[in-house]
Every structure is written in C-alpha cells, then in structure tokens.
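Fold and geometry: a report
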Amino acid sequence: MMQIAHSFTESLAASHKASDLPIWKQIYEQAFPNFLAMVDHREDGEHQRAGIDRSVILSNSKQILIDEKIRHKDYGDILLEYVSVDRTNAPGWVCKPQRADYIAYAVEPLGICYLLPVIQLQLAWQKHGAQWLSTYGTRKAPNKTYNTLNCPVPVHALF
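This text gives an overview of the structure that appears in the document. Since this is a predicted model, take the numbers as computed values, not measurements. (Residues numbered from 1 in each chain as written. Predicted model: local features only at pLDDT ≥ 70, side-chain atom pairs only at ≥ 80, totals over all residues. Heavy atoms only, no water.)

In this structure the tally under the stated criterion is five salt bridges. For Arg54, the salt bridge goes to Asp40, with nearest N and O atoms at 3.9 Å. Highlighted residues: Arg54 in strand β2 (residues 54-58) and Asp40 in strand β1 (residues 35-40), separated in sequence by 14 residues. For Asp40, a relative accessible area of 27% puts it in the partly exposed group. For Glu68, the salt bridge identified is with Arg54, shortest N-O distance 2.5 Å. Here Arg54 lies in strand β2 and Glu68 lies in strand β3 (residues 63-71), a separation of 14 residues in the sequence. When sorted by exposure, Glu68 lands in the same class as Arg54, which is buried. One continuous salt-bridge network, built from bridges that share partners, spans Asp40, Arg54 and Glu68. (Salt bridge = Lys/Arg side-chain N within 4 Å of Asp/Glu carboxyl O. Helix = DSSP H or I, 4+ residues; strand = E, 2+ residues; numbered from the N terminus. Buried < 20%, exposed > 50% of the residue type's maximum accessible area, 1.4 Å probe, protein only.)

Rendered as structure tokens:
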C-alpha cells in the first residue's frame, strides 16, 4: 500500500482551521473553572517554535501553555510522537523537553479531548515506552524528505 506524504503547509493550514473550532473554548472553560481568556499562537514565532499553540489565562493571571493535537478519525488510541524527524532522530513531543503544560489531544468524531499533563505523560513514556513500542508498534507519518514516528497507544493503556 502506498503511503501519502504529509505536506507541512497543508497540515499547518488544517491545524489553523482546527484551532478556530469553538470546541477549544468549551474544553478549557470546563477543564479550568477559573478560565478567563485564551490566546491563539498560530503565527510563526517563539510560541510556535516552542510547540505552544494556545495560552489559557486564568482569573488569577496564571498562564497555562497548551500544545493542541487533533485527530479527524477515531482509532481508539493516542498517537504518541516519539521521533519527529527520522533522518536526524530528532525527539518527538512525547519525549523532548517541552514548555507546554498540557497536550490537548482532541478526537474530533467523538467530540472529546484528553488534557494530558506533559510531565506525567513524558514520565509514563520513559517508564512504558519500550513496552508500548513492542506491543503496539510504530506508525510512520511520511513527509517529503523524512518520516515522523508514532506509537499508537490505546487510551486505556495510556491511562
């Protein structure tokens, strides 16, 4: 079966379209009772380079940094990116140092979002990553000149 290469430009456009969905505000209002506002960081710059898609501002002025992921199909798993560029073996978001406090992982057809605390998620990967890779394998996301490597961990196994 031939795999289709991902286009960064197309993926970014789809990501921007997804970031405009009203569901994000509903998610953050429900998750953070003292939610005050949110700021979209879609423009190329320091936030995007640090993997921050959105900041949530609480009424006490605390800022929560969020990396948003959206899946447009339900596979019953959470796809953990452990290598972002296989040519250079660059670590993916589940194992590289992050500024984000949470990964907001939305599964669009189910209308649900998992708010995954980055520190705990990365600790779980350190502890269980080798076993998850052995059990669930790797899914390659082909890009034009490299692959991104992901491990499809079933939701029940991750939690």
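So, about helix α4 (residues 118-136). For α4, which comprises 19 residues, the first-to-last C-alpha distance of 21 Å sits more than 12% below the rise-based estimate of 27 Å (1.5 Å per residue). The largest bend in α4 comes to about 65°, at His128. By the burial criterion, the buried members of α4 are Val118, Leu121, Gln122, Ala124, Trp125, Gly129 and Trp132. Lining the buried residues of α4 we find β4 (77-85), β6 (102-107), β7 (112-117), β9 (147-154) and α5 (155-158). (Expected span 1.5 Å × (residues − 1). Bend = angle between axes of the 7 residues up to and from the residue. Contact = heavy atoms within 4.5 Å.)

Below, the discussion takes up the layout of surface pockets. Put simply, the second largest pocket is a space of about 170 Å³. As for the second largest pocket, its lining consists of 13 residues, and the residues nearest its centre are Ile23, Ile27, Gly111, Ile112 and Cys113. Contributions of two or more residues to the lining of the second largest pocket are made by α2 (23-31), β6 and β7. Among the elements that make up the lining of the second largest pocket, the one with the highest residue count is α2 (five residues). Looking at side-chain class alone, the lining of the second largest pocket contains nine nonpolar, three polar and one charged residues. (1 Å grid on protein atoms, 1.4 Å probe; cavity = no way out; pocket = protein on both sides within 12 Å on 5 of 7 lines; lining within 4 Å. Points joined across faces, edges and corners; volume = space filled by probe spheres on them. Nonpolar A, V, L, I, M, F, W, Y, C, P; charged D, E, K, R; others polar.)

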